[in-house]
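So the chains spell out like this:
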Amino acid sequence: MNDFENPGTLAPTGLFIGGTKYMVIQGEPGAVIRGKKGSGGVTLKKTNCALVIGIYDEPVTPGDCNMVVERLGDYLIDQNF
């Protein structure tokens, strides 16, 4: 969870989820981490009490995954969750 404050620290090692390594491509400190692996990837959104994770592969686009995960995370934050 500390890596959310400075997502760039994950760039050299990558991000492992479910035994799969994702290359960290982007992040918003304190809020979002985005990763890529081949034609798929992952988006993580941190809320007050939860971690929303979206893992995608074709035909889902990175933008679609980001939108869904971030909107769900924002909704949970608005609900104080």
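Up top is the structure these notes are about.
About the thresholds
- The residue numbers shown here count from 1 along each chain, following its written sequence.
- Reporting in this predicted model follows two pLDDT cut-offs: at least 70 for local features of residues, and 80 or more for side-chain atom pairs to be given and counted; totals over whole chains, interfaces and linings ignore these cut-offs and use all residues.
- Excluding hydrogens and water, the side-chain figures rest on all heavy atoms present in the structure.
- Where helices and strands are cited, they refer to DSSP runs of H or I of at least four residues and of E of at least two residues respectively, numbered from the N terminus.
- Here the globule rule reads 2.2 Å times residues to the power 0.38, and the radius of gyration is calculated from C-alpha atoms.
- Throughout this description, buried means an accessible area under 20% of the type-specific maximum (1.4 Å probe, protein chains only), exposed means over 50%, and partly exposed covers the range between.
- Should any heavy atoms of two residues lie within 4.5 Å, those residues are considered in contact.
- Per-residue accessibility takes into account occlusion by the displayed protein chains alone, with areas from the Shrake-Rupley method and a 1.4 Å probe.
- Here the positive residues are Lys and Arg and the negative ones are Asp and Glu; neither His nor the chain ends is included.
- By convention, the point assigned to a charge is CZ for Arg, NZ for Lys, CD for Glu and CG for Asp.
- Only strands joined by at least two bridges in the DSSP assignment are considered to pair.
- Definition used in this section: a nonpolar core is a set of buried Ala, Val, Leu, Ile, Met, Phe, Trp, Tyr and Cys residues joined via side-chain atoms within 4.5 Å.

(A) Here's a closer look at the overall build of the protein. Per the secondary structure count, the protein includes one helix and five strands. Along the protein, helices (α) and strands (β) appear in the sequence β-β-β-β-β-α when read from the amino end. For 81 residues, the compact-globule formula gives about 12 Å, and the C-alpha radius of gyration of the protein, at 12 Å, lands near that figure. Its C-alpha atoms give the protein principal-axis dimensions of roughly 35 × 30 × 20 Å. Counting every position in the protein, which comprises 81 residues, the buried fraction comes to 37%. Pairs at least 24 apart in sequence give 37% of the contacts found in the protein among residues at least 6 apart. Counting every atom, the protein has about 4,900 Å² of accessible surface; 55% of that belongs to carbon and sulfur. Across the protein, the mean location of the 7 positive side-chain charges is 5 Å away from that of the 9 negative side-chain charges.

(B) Layout of the pairing of strand β4 (residues 40-46). Of all seven residues in β4, six are buried; the element is thus mostly enclosed. Pairing analysis gives six bridges linking strand β3 (residues 32-37) to β4, with the strands arranged antiparallel. Looking across to β4, one finds that Lys37 is bridged to Gly40. Adjacent in sequence and paired antiparallel, β3 and β4 are bridged by two residues, among which Gly38 carries a positive phi angle near 60 degrees. Note: β4 against strand β5 (residues 51-56), six bridges, orientation antiparallel.

(C) Expanded view of the nonpolar core. By size, the foremost hydrophobic cluster in this structure holds nine residues: Phe4, Leu10, Leu15, Ile17, Tyr22, Val24, Ile33, Val42 and Leu44. Of all elements in the fold, only β1 (15-17), β2 (20-28) and β4 reach the threshold of two or more residues within this core. Discounting residues that sit within four places of it in the chain, Tyr22 has contacts with Gly14, Leu15, Ile17, Gly35, Lys36, Lys37, Gly41, Val42 and Ile55.

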